[in-house]
Structure formats: structure tokens, C-alpha cells
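Chains, contacts and geometry: an overview
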Amino acid sequence: MQFAFQSTAPTILCCMCGTAIEPNPSNMCVNCIRSQVDITEGIPKQLVLNFCRYCGRYHQPPNYWVNCELESRELLTLCVKRIRGLNKVKLIDAGFIWTEPHSRRIKIKLTIQKEVFNSTILQQAFIVEYVLQSMQCTECQTSFTDNTWKAVVQLRQKTEHKRTFFYLEQLILKHSAHLQTIKIADQPDGLDFFFSHRTHASKFVDFLQSCVPIRYKTSEKLISHDTHTNQYNYNYSFSVEISPVCREDLVSLPKVFLSSFNNLASPFTLCTKISNQIFILDPTTLQTCEIPAANYWANPFKAAASSRQLIEYVIIDITPLGPTKGKYVLSECIVAREKDFGRNEKQFYTRTHLGALLGVGDVALGYDIESLNWEGETGKKGGKSQQGKGGVEVVLVKKKFGVAKGERLWKVKTLEKETIGDARGRRAGKDEKDFAQFQRELEEDEEYRQGLLLYKVDGADEIAKRKKNNNPGEEVKEIGLNELIDDFDDLGVEDDEEGMDEDGMDEDG
């Protein structure tokens, strides 16, 4: 007969409560150890966390402000770093405890370990509460205070219209290049962008160089000087000039650029596109060339005529000649000024690149070479005598489409600008006219609006249904719903701040 021997661990009585426990260096049970030793001593259980109610960023001492979403890893890291005394214990776990969003409280649960006696490790969990307190960040303080800028970018263009600025404004909004600006001021011939740091202004100038052909100069003005620390305080200015040549302008190229055209039939060409280069098209041969910004500013030139000098022409006859280049089809046509109908029978012969769009009876917008009053390279005024060996009397630019009736389905956002003085009232009508023309150009040219953010207006679907039969028998260019995106800023979602005092705290504490 065999006997099985079972070994049992020896036990002792707790020196505090008499409970049987396994032997340990403290000779106390876990409950008694916790009642005698608090490993969270010296660790604060309630802290204040500053946040900016205008930009939603949290303050990270000493002078940093960071963007964090609620219950995010970044916010948890920021909260844990604010707790003093964690370097004396071992952090095991940390996590958020859900609180009401409007309570302005953030709670996190921490689990820590610490050796309290020889080879005795105690683990304990506790909660740290953060009270959110409103505080303006340095950037928001600067935005609400005048004369605090360090650098300004003065953007100018010597033209009769501001359509280039409207297009550039959409590129700035798309790429969020304006986020670091303190203020944007509207000027009669451009815009002023104010920044709190010189590096921000320099980055903004680099962005402008990638969008339009510009040249700029920098200057600085001494504001103050501390003789004890030998510190200087400057204001920096970037004077930026945009090329006066715009899209759809009539251009007479200087001789230095004529080498780009092997067979220039007419001294007049068209500017078809503006980016960081100037795109030129000879409408009589379909030849194209690109002029980089550096080359242009080395030999600058002005437009012979701008889009405000366009005249309406009626197509009497048009015949394709065969050559094509992308969307352009070279054609010869006979046109007559629309205003001459019923007065005379004067007609003009010309070549055009719009053979794919124009037909007999259509109306096109173009430049009348005979009536031009411009100065070429030599400074002499030209007109009929400068028609060139091609004998072109009219340069057609684009087809004229009908104006859509009713409301537009789309809209574009604009920058928040301030106007210095009372200049806005004098320019309001002119700027509204230029903006309306810019909107029509976006509707008529699909390539021109590519890359821009166009938003749906409220009730765009219902407006589209009503507009189906508004323009019978008339060719109208409109932007479809498939090209538009929803504007989430119009959802009307706002923070519920009822029951909050000025410091963002509950009335009950």
C-alpha cells in the first residue's frame, strides 16, 4: 500500500490583522500594506490643462501649443507628461475614462508599481483628473492685436483687373498656404499677407513662385534695439510682383523670344495659360512655347491688349485647314463685327485655332488689330501697319456662350480680408464685375477649373432639376454636380456651450 505525500506552503499570520498569508519580508497582507503604504504619495490627482478655445490647441509647457483630438494618443502623452512624480514609480498602464464633452474635464486611469519593502512590489491604480482652462495661445493673441507682425508679403500686379488674384486665391485655399498668416489686407492693386515669423513669409513666397511668374525684393526696417543684449528687432517686407501678362491676353513677343517660333506668321500671339511659366500660342500656325519666369523677367514685356478689349465677331464662313494640336484645330474663317450688322458689310479674313468649337453663325470674342494702340519693343505705337506678313486683321480668342439663367449650383470660398481705409466702397463694383467674369471663365473652360475646389450650394440638387429646361435652344456652359464637393462648413454643427461661464466651466463647478 502506497501513501501520497502532499507538501503545503507554510503560512504565517499577518502582523496587523492576523490573516494567514504566505511569508513575505513585510509579514503583512496586501490590504494592510496598502493601508500603511501609499505608493501614489507625491503624485498630484488633479491638474489644470490649458487649451485655446479659438484654435483648439493644448498648451505644452513651456511655450508650445499642440493639436490633439480628444482621447487620442497625443493627448494622453501630453497629460502623462504633466504629472510629476512618475519618475519614482514604474508606469504599467494608462488610459482615458469617458467624461461628458461639455464638462471640461479629462480623466485618465494610471496603473503603477513600486517596491515598498525588500523584494515586495506593490501595484496600485488611481485616477488623475484634468480641468480644462481657457487660455489664448500666442498665435491667437497676435491675431487679435494690431502691429504685431514680423514680416509682410506685398503681392501686386499691374493690370486693369483682379482675376489673377481670384484664381490665385483658390490655389492658396486649396493648399492651405494661408494658415500661418496673421492678417490679410485688401489693396487696390493686390493683397498684403502678414506673418508672425520671417520664415513663414519666405515659405509663402516660395509657394507663389510655384503658382505664377513672380519676382520679388526684400527689405527690412529696424524697430528696436537693446544695447545691453545687442538684440535687434526688425520688420521684414517681401515686395512681390506678378507678371502683367494674363490668360487670354494678346502678346507681341520681343525679338529675344522669337527664336522659340520657327515660322511666326503674325507678330501677335495669345497667352493661353499662366502658371510658373507663360504659355504662348500662335493662332495662325498652332505653334506653342513656354517662357519660364526667369527668362520673362530677364526680358519683360507687356500685353498688347487685355481681355477687356475683346470684341464680338460673327462667323460668316469657316474651313478647317488640316493641322491639329491637342484641342486646337487650325482653320481659316471670315468674320464680321456683330456691331456692324445693319451698318456696313465689312468682313475680315483670319486664321484661328478654334476650328473644333466654331461653326457658321457662332459668335466669338477676339481682338481687332486695326484698332489697337500699343507700343512695341522700339517704343513706337503699332496698329494696322503692324499686321505682319500673314495679313491677319482679327485674332479670335474664344467662343462666346450663353449666360445660364437662375442660380448657380456651385460656389467658391474666399479668404477673410480686411480693407484699409474707405477704399473698399470705391472698388466694390469693379471687383464684383471682375469676380463675375472669373466665375464665367470657370464655367466655360474645363481645363481652367481643374485642380480648384468647387463646392455645392445649399439645395444644389433641387436647383439642377429646375434648370434643365431654363435655356432651350441656347448653348450654355455649366458645371455639373459630379465636379462639385460638399461644403461641410455649412452643416451648422456648433459646440453646445450652454451652462458655461466665460472660463468654459460648468455653473455647478
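The structure we're discussing is the one just above.
Report follows, based on the coordinates. Fair warning: this is a prediction, and the values are worked out from it, not measured in the lab. Counting of residues starts from 1 at the beginning of each chain's written sequence and follows it residue by residue. Only residues with pLDDT of at least 70 are given local features in this predicted model, and only at 80 or more are side-chain atom pairs given and counted; all residues enter the totals for whole chains, interfaces and linings. Note that water and hydrogens are dropped before the side-chain values are worked out from all heavy atoms of the structure.

1. Here's the deal with the overall build of the protein
Secondary structure counts use DSSP, requiring at least four H or I residues in a row for a helix and at least two E residues in a row for a strand, with both numbered from the N terminus. What the protein contains, in helices and strands, is 9 helices and 28 strands. Note on exposure labels: buried denotes an accessible area under 20% of the residue type's maximum, exposed denotes more than 50%, and partly exposed covers the range between, all computed with a 1.4 Å probe on protein chains only. Here the protein, with 509 residues, has 42% of them falling under the buried criterion. Long-range pairs, those at least 24 residues apart, make up 64% of the contacts in the protein with a sequence separation of at least 6. Here the protein has roughly 29800 Å² of accessible surface; of this, 47% comes from carbon and sulfur atoms. Between two residues, a contact is recorded if the distance between any of their heavy atoms is within 4.5 Å. The method behind every accessible area is Shrake-Rupley, applied with a 1.4 Å probe, and residues are considered shielded solely by the protein chains displayed.

2. Considering the sheet that holds strand S20 (residues 328-337)
Reading across from one edge, S21-S20-S19-S22-S25 is the order of the 5 strands in this open sheet, with antiparallel pairing throughout. Single-partner strands in this sheet number two, and they are strand S21 (348-352) and strand S25 (394-399). Sheet twist, expressed as the average angle between the axes of neighbouring strands with direction ignored, equals 40°. As judged from the 5 bridges shared by S20 and S21, these two strands associate in the antiparallel manner. Pairing of Cys333 across the sheet is with Thr350, part of S21. We treat two strands as partners when DSSP finds at least two bridges between them. Angles run from 0 to 180 degrees between N-to-C directions of axes, and those axes are lines fitted to C-alpha atoms, restricted for helices to the stretch in contact.

3. Examining the packing of aromatic side chains
In this description, a pair of aromatic rings is defined by centroid distance and the angle of the planes. Classification of ring pairs rests on two measures: the distance between centres of Phe, Tyr or Trp rings, Trp counted by its six-membered ring, which must be within 6.5 Å, and the angle between planes, read as stacked under 30 degrees, edge-to-face over 60 and tilted in between. All chains considered together, the criterion is met by 17 aromatic pairs. With a centroid separation of 6.1 Å and 40° between ring planes, the pair formed by Tyr234 and Tyr236 is classed as tilted. Overall, Tyr234 belongs to the partly exposed group, its relative accessible area being 24%. Taking the centre distance of 4.9 Å and the plane angle of 75° together, the rings of Tyr296 and Trp297 count as edge-to-face. One aromatic cluster in this structure is built from Phe166, Tyr167, Phe435, Phe438 and Tyr448.

4. Structural notes on helix H4 (residues 163-174)
The end-to-end C-alpha separation of H4 is 17 Å, in line with the 16 Å expected for 12 residues at 1.5 Å each. The buried fraction of H4 is high, at 10 of 12 residues. Restricting attention to buried positions, one finds in H4 the residues Arg163, Thr164, Phe165, Phe166, Tyr167, Leu168, Glu169, Gln170, Leu171 and Ile172. Phi turns positive one or two residues past the end of H4, at Ser176, with a value near 55°. Expected span of a helix, by definition, is 1.5 Å for each gap between consecutive residues, and there is one gap fewer than residues.

5. Re the environment of Leu452
Its place among the elements puts Leu452 in the loop between helix H8 (446-449) and strand S28 (455-456). Through-space distance from the C-alpha of Leu452 to that of Tyr167 is 8.7 Å; in sequence the pair is 285 residues apart. The contact partners of Leu452, leaving out residues within four places of it in the chain, are Tyr167, Gln170, Leu171 and Leu442.

6. A word on the pairing of strand S16 (residues 277-282)
Sheet topology note: the strand S15 (residues 268-274)/S16 ladder contains 4 bridges and is antiparallel. By the bridge assignment for S16, Lys273 is matched with Phe279. The turn linking S15 back onto S16 is made up of 2 residues. Examined bridge by bridge, S16 and strand S17 (residues 287-292) share 6 bridges and lie antiparallel to one another.

7. Looking at the sheet that holds strand S18 (residues 303-305)
What the 5 strands build is an open sheet, ordered S17-S16-S15-S14-S18; its pairing is antiparallel. Of all strands in the sheet, those bounded by a partner on one side alone are S17 and S18. Looking at each pair of strands side by side, their axes are set apart by 45° on average, direction ignored. The sheet contact formed by strand S14 (residues 250-252) and S15 spans 3 bridges and is antiparallel. Bridged to Val251 within S15 is Thr269.

8. Remarks on the packing of H4 against helix H5 (residues 198-211)
Two elements in contact, H4 and H5, have axes separated by 11 Å at closest approach and are oriented at 120°. Considered as vectors, H4 and H5 are oriented oblique to each other. Here H4 and H5 pass one another in a crossing that is right-handed. On H5, the residues touching Leu168, Leu171 and Ile172 of H4 are Phe204, Phe207, Leu208 and Cys211. Orientation is classified from the angle alone, with under 35 degrees giving roughly parallel, over 145 giving roughly antiparallel, 65 to 115 giving roughly perpendicular, and any other angle giving oblique. Handedness of a helix crossing follows the sense of rotation of the near helix relative to the far helix, less than a right angle counterclockwise being left-handed and clockwise being right-handed.

9. Some words on the side chain of Thr99
Locating Thr99 in the fold gives a position in the loop between strand S6 (90-97) and strand S7 (105-117). Here Arg105 takes part through its backbone oxygen, which lies 2.8 Å from a polar atom of the side chain of Thr99. Residue contacts for Thr99: discarding those within four places in its chain leaves Arg105, Ile106 and Lys107. Polar contacts, as counted here, are pairs of nitrogen or oxygen atoms within 3.5 Å of one another; within protein the pair requires one atom able to donate a hydrogen and one able to accept it, and residues that are adjacent in sequence qualify only if both atoms are side-chain atoms.

10. Comments concerning the side chain of Glu169
You can see Glu169 is positioned in helix H4. Judged by its relative accessible area of 5%, Glu169 is buried. Each residue touching Glu169, except ones within four places of it in the same chain, is listed here: Thr414, Leu415 and Lys417.

Purely spatial values, then, with no claim about function.
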